Amino acid sequence: MVLGKRNVRSSTQSSSGGKRFTATYHTRVREYAGTDLEAGDAALSAYGELYGRVQRKLFAAVLAGRSATSLKSEYLKRYGIPARKFNGVRVSLEGKVASVKEQQKLRLDSLGRRIARAERQVSDAVEHGRLDQVHQKKRRLASLRHRLAALEDDIAEERVRLCFGSKRLWRKQHHLKVNGYGSHEEWLRDWREVRSDEFFVLGSRDETAGCQLCVATVADDGTLTLRLRMPDCLPVQHGKYLTIEGVRFTHGHEQMLAALGNNAEYARHRREHGEQAVRETELGQAISYRFKRDERGWRVFATTHMMDVPVVTDHRRGAIGVDLNADHLAVAETDASGNPLHSFSVPLVTYGKSQHQAEAIVGDAVATVAAYAREAGKPIVIERLDFRQKKAALEGESRKYSRMLSSFSYGKTKACFLSRGYRQGVEVQQVSPAFSSVIGRVKFMERYGLSVHQAAALVLARRLLGCSERIPRRWVCPTGNGVQVAFTVPARKRVKHVWTYWGAISGQLRPALAAQHRPGKRRRRPNPVQATHVVA
C-alpha cells in the first residue's frame, strides 16, 4: 500500500483541491527596540490612521468609477507612501468589497426563504381565522419585500455599502446619553480611533523574508524581531523603522520559523542559480502581516502558507464518516468493503457560549475525530452541504434545539476539519449528503443498532467507497421510540438514478417523522453522546 499521495475521486472534493492552505497566527506586541511601549504604540496608531485614510479615499474614488490601478501613481505622491503599501491597501479593500458582494448573495437567499415562510404564515392565519395575527404578519411581509427590492437594486447596480468604523458605532451618535457619551466630541474621538485601529502589510515570496515592508528575523532566543518600514509622510519622531522585539506566536511559531527558513533557502538559491531558476521551484513563501489594536494594545497577525505534511490515510483501508449536527458529531468507521466497524459521537454544544468558547469546543471535537482518523489511517468524509439547507430541514425540531442549531456554525466546523486534516496529514473528503439520513434510517439504523445520525455518517463513508445504495426488500422503517412506519417501494419501470427512488421514499417518511414534532406532543430525545460499538 502506497501512502504519501493524495487520492482524488471524481465524485468527491479533496481537502486541498490542488492548492496550499494558508494559516494565520497572532500574538500581542509587548516590547519595542529603542523606545518605550507608549511611543511604539503611538507610532503604530499613526500608521493605522494613515492607512485608514488612504483606504477610505480609495474606496470613494473606486465608487466614483475610477480604477484602483490607475490611481496608484497619484496616491503615491499625495500620501507619500511606497508602492508596496498602496498594493496592500488595494488588496485589503478588494477583499472587503468581495466579502460584501458575497454577503449580498447570502442575504438574497435568506430573504427569499423568509418571504416564502412569511407568505405561508399569512395564508395560514387567514385560513384559520386568526385575524389578530394577519395585520402584523402582513406588515412583516411588506418589510421583507421592501428589503429584498433594495438588495436586488444594489446587486443590479453593483453597489457596495461599506461603513468604516461599523454601523453600530455610527448610530450611537444619535443617542449619546444612552450609549454613555457626554458630548458629540467624545463619540467623535472613539469614531476616529476605531477607523484607524488596523493596517495591513502585503507580503510576496520574492521579497526579503517574504515581506519587504515588515521583515522578520529570528533572534538568538528563538523569538522573532519585526522591522516595520514606516511611511515617509509620518512625523520624524516615529523614525524610518519601528522594531518590534520578543515576538512569539503561541500557536504556529514553528510554522513561522519554517516559513522564514524556506525564504532564506529561496534567497540562497536565487543568488546561486538566478531569478528564472528559482521561480520554477516551490521555494519562497509570502508572509503578510495585519496589525490590530484593541483595548489592551496592539496585536500582530501573520499569514503564510502551511507547510506540507505527508498524507498518512488511504481510502483503500476504509473511511470514517462524520455527520455534522448542532449538538454533536456522529462518527462511523468502515472497512474497505463499507462494513461498519465502530461508531461513536462527540459532544459539540455551542449554544450559550461566546465566540471564543465555541471555537474552542469545535476545535476540540474536530481534534478528537482527526486523531482517531490518523491512528486508523483512514480519510474523514464529511457532507458537502450548504448549512442553510440543513437548517431548513430541521425546522420541525423543538425551540431549544432550534436555538442550538442557530448557534452552530457549519462553515467554521468544516473549515476546522480541513485545516486540522491538512496539518495532521489526514485527508478530508466531501461527498453529497443527498438522502443520507433516509438511507441510514431505512438500511442501517436498526440493523446495526445505530442512532439516525451515526447511520447517516455510515452512509457518507460508504458513499466515498462507492458502495451500493439500493433500496432493501424490507418495507418497514423505524422512526424512533419503538415506532415503525411501512412504506411502498417505488416501481422501477425505468432506468433511473437510485436517488430518485430514495426521494420517493423520503416523501413517504416525512409525514411520519413530522408527526413526532406536533405541538403538545412531548418526546424524549436520545442521548447523542453515548458510544456504540458495532462488530462487522
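Please read all numbers here as calculations on a predicted model, not as lab measurements. (Residues numbered from 1 in each chain as written. Predicted model: local features only at pLDDT ≥ 70, side-chain atom pairs only at ≥ 80, totals over all residues. Heavy atoms only, no water.)

Participant: Would you take a moment to explain the overall build of the protein for this structure?
Facilitator: When helices and strands are counted, the protein shows 15 helices and 16 strands. Considering the protein as a whole, with its 536 residues, one finds that 43% of them fall into the buried category. Sequence separation of at least 24 residues holds for 67% of the intrachain contacts in the protein that already meet a minimum separation of 6. Element-wise, carbon and sulfur atoms account for 50% of the exposed surface of the protein, whose accessible area totals about 29,200 Å². (Helix = DSSP H or I, 4+ residues; strand = E, 2+ residues; numbered from the N terminus. Buried < 20%, exposed > 50% of the residue type's maximum accessible area, 1.4 Å probe, protein only. Contact = heavy atoms within 4.5 Å. Areas by Shrake-Rupley, 256 points an atom, 1.4 Å probe, with all protein chains shown as cover.)

Participant: Teacher, can you tell me more about the environment of L148 here?
Facilitator: Tracing the backbone through its elements, the reader meets L148 in helix α4 (residues 131-156). Spatially, the C-alpha atom of L148 lies 8.9 Å from that of I115, the residues being 33 residues apart in sequence. Once you skip the residues sitting within four places of it in the chain, L148 turns out to touch L108, L111 and I115.

Participant: Mind showing me how you'd approach the packing of helix α3 (residues 83-127) against α4 here?
Facilitator: Packed helix pairs are characterised by how far apart their axes lie and by the angle those axes make with each other. Close contact between α3 and α4 brings their axes to 9 Å; oriented N to C, the two are set at 155°. By the criterion of interaxial angle, the relationship of α3 to α4 is roughly antiparallel. Relative to α4, the crossing made by α3 is left-handed. Taken together, the residues that form the contact of α3 with α4 break down as 13 nonpolar, 2 polar and 10 charged. (Axes fitted to C-alpha atoms, helices over the stretch in contact; angles between N-to-C directions. Parallel < 35°, antiparallel > 145°, perpendicular 65-115°, else oblique. Left-handed = near helix turned anticlockwise from the far one by under 90°. Nonpolar A, V, L, I, M, F, W, Y, C, P; charged D, E, K, R; others polar.)

Participant: So what exactly am I meant to see when it comes to the nonpolar core here?
Facilitator: Inside soluble globular proteins, nonpolar side chains tend to come together where they are buried. One finds V201, L228, Y289, F291 and F417 to be the most contacted residues of the largest nonpolar core, which totals 77 residues. Residue contributions to this core peak at 10 residues, all from helix α1 (residues 37-63). Non-local contacts of L228, meaning those with residues more than four positions away in its chain, are made with L44, Y47, F199, V201, L213, C214, K240, Y241, L242 and F291. Formed by 17 residues, the second largest nonpolar core is a distinct cluster that contains V438, F444, A455 and Y501. (Core = buried A, V, L, I, M, F, W, Y, C linked by side-chain atoms within 4.5 Å.)

Participant: Explanation requested: the pattern of salt bridges in the structure shown.
Facilitator: Side chains that differ in sign of charge can pair as their charged atoms come close. Counted by the stated rule, this structure contains 27 salt bridges. Put simply, E74 and R78 hold a salt bridge, and the shortest N to O gap is 2.4 Å. Here E74 pairs with R78, and both are found in helix α2 (residues 72-79), just 4 residues apart, close to one helical turn. Its relative accessible area of 47% is what places R78 among the partly exposed residues. Linked by salt bridges that have partners in common, K96, D197, E198, R290 and K292 make up one network. (Salt bridge = Lys/Arg side-chain N within 4 Å of Asp/Glu carboxyl O.)

Participant: How do you make sense of the side chain of D197 when you look at a structure like this?
Facilitator: Along the chain, D197 turns up in the loop between α6 (184-194) and β3 (198-201). Leave out the neighbours within four places in its chain, and D197 touches F291, K292, R293 and W298.

Participant: How do you make sense of helix α9 (residues 355-376) when you look at a structure like this?
Facilitator: Residues spaced three or four apart along an α-helix point in a common direction, a consequence of the helix completing one turn every 3.6 residues. Taking 1.5 Å of rise per residue, the 22 residues of α9 would be expected to cover 32 Å, and the 32 Å separating its terminal C-alpha atoms lies within 8% of that figure. Residues of α9 that are buried include every one of A358, V362, G363, A365, V366, V369, A370 and A373, and no others. In this fold, the buried residues of α9 make contact with β9 (320-324), β10 (328-334), β11 (340-347), β12 (380-383) and α12 (410-424). One or two positions beyond α9, positive phi appears at G377, with a value near 70°. (Expected span 1.5 Å × (residues − 1).)

Participant: How do you make sense of the packing of aromatic side chains when you look at a structure like this?
Facilitator: Each aromatic ring pair is described using two quantities: the centre-to-centre distance and the angle formed by the ring planes. Taken as a whole and judged by the stated rule, the model has 11 aromatic pairs. The ring of Y75 has R78 sitting right over it, with the charged end atom 5.2 Å from the ring centre. Directly above the ring of Y241 sits R227, whose terminal nitrogen or CZ lies 4.5 Å from the centroid. (Phe/Tyr/Trp six-rings, centres within 6.5 Å; stacked < 30°, edge-to-face > 60°. Lys NZ or Arg CZ within 6 Å of the ring centre and 35° of its normal.)

Participant: Sorry if this is basic, but what is going on with α4 here?
Facilitator: Over its 26 residues, α4 runs 37 Å from end to end, which matches the ideal 38 Å to within 8%, given 1.5 Å per residue. Listed in full, the buried residues belonging to α4 are V134, L141, L144, L148, L151 and D154. Packed against the buried residues of α4 are α3. Remark: E158 follows α4 within two positions and exhibits a positive phi of approximately 55°.

Participant: How do you make sense of the sheet that holds strand β2 (residues 31-32) when you look at a structure like this?
Facilitator: Strand pairs in the sheet, formed through backbone hydrogen bonds, run parallel or antiparallel to each other. Spatial strand order, β2-β6-β5-β4: 4 strands in an open sheet with antiparallel pairing. At either margin of the open sheet sits one strand with a lone partner, and together these are β2 and β4 (214-218). Looking at chain direction, β2 and strand β6 (residues 241-247) are connected through 2 bridges and run antiparallel. Within the sheet, the bridge partner assigned to E31 lies in β6 and is E245. Helix α7 (residues 253-273) rests against β4, β5 (224-229) and β6 of the sheet, and its axis sits at about 65° to β5. (Pairing = 2+ DSSP bridges.)

Participant: In this structure, what is going on with the sheet that holds strand β7 (residues 288-294)? I would like to understand it.
Facilitator: The strand order across the open sheet formed by 4 strands is β1-β8-β7-β3, and the pairing between neighbours is antiparallel. Among the strands making up the open sheet, the edge pair consists of β1 (22-28) and β3. Strand-to-strand twist of the sheet, defined as the mean angle between neighbouring strand axes without regard to direction, takes the value 20°. With 7 bridges connecting them, β1 and strand β8 (residues 297-305) associate as antiparallel partners. Residue T24 lies in a different strand from β8, and its bridge partner there is T303. Most of the contacts of α7 go to β8, to which it runs at about 60°, and overall it touches β1, β7 and β8.

Participant: Looking at this structure, how should I read the confidence of the model for the protein?
Facilitator: Caution applies to low-pLDDT parts of the model: their predicted coordinates are not meant to be read in detail. Mean pLDDT over the protein works out to 82, with 82% of the residues at or above the 70 mark. Put simply, strand β16 (residues 532-533) is where the protein has its lowest mean pLDDT, 40, and β5 is where it has its highest, 94. Every residue in residues 1-18 is under pLDDT 50, and counting partners more than four places away or in other chains gives 46 contacts. Confidence drops under a pLDDT of 50 for residues 519-536, and excluding neighbours within four residues, the segment shows 36 contacts in the predicted structure. (pLDDT = per-residue confidence, 0-100.)

Participant: Looking at this structure, I do not really get a positive patch on the surface. What am I missing?
Facilitator: A grouping of R107, R114, R140, R147, K167 and R171 is seen on the molecular surface, where their side chains present a positively charged patch. Every element with two or more residues in the positive patch is listed here: α3, α4 and α5 (167-171). Relative to the assigned elements, R171 resides in helix α5. On the basis of relative accessible area, R171 is assigned to the exposed category, the value being 51%. (Patch = residues over 30% accessible without salt bridge, like charges linked within 9 Å, V, L, I, M, F, W, Y side chains within 5 Å. Lys, Arg positive; Asp, Glu negative; His and termini not counted. Charge placed at Lys NZ, Arg CZ, Asp CG, Glu CD.)

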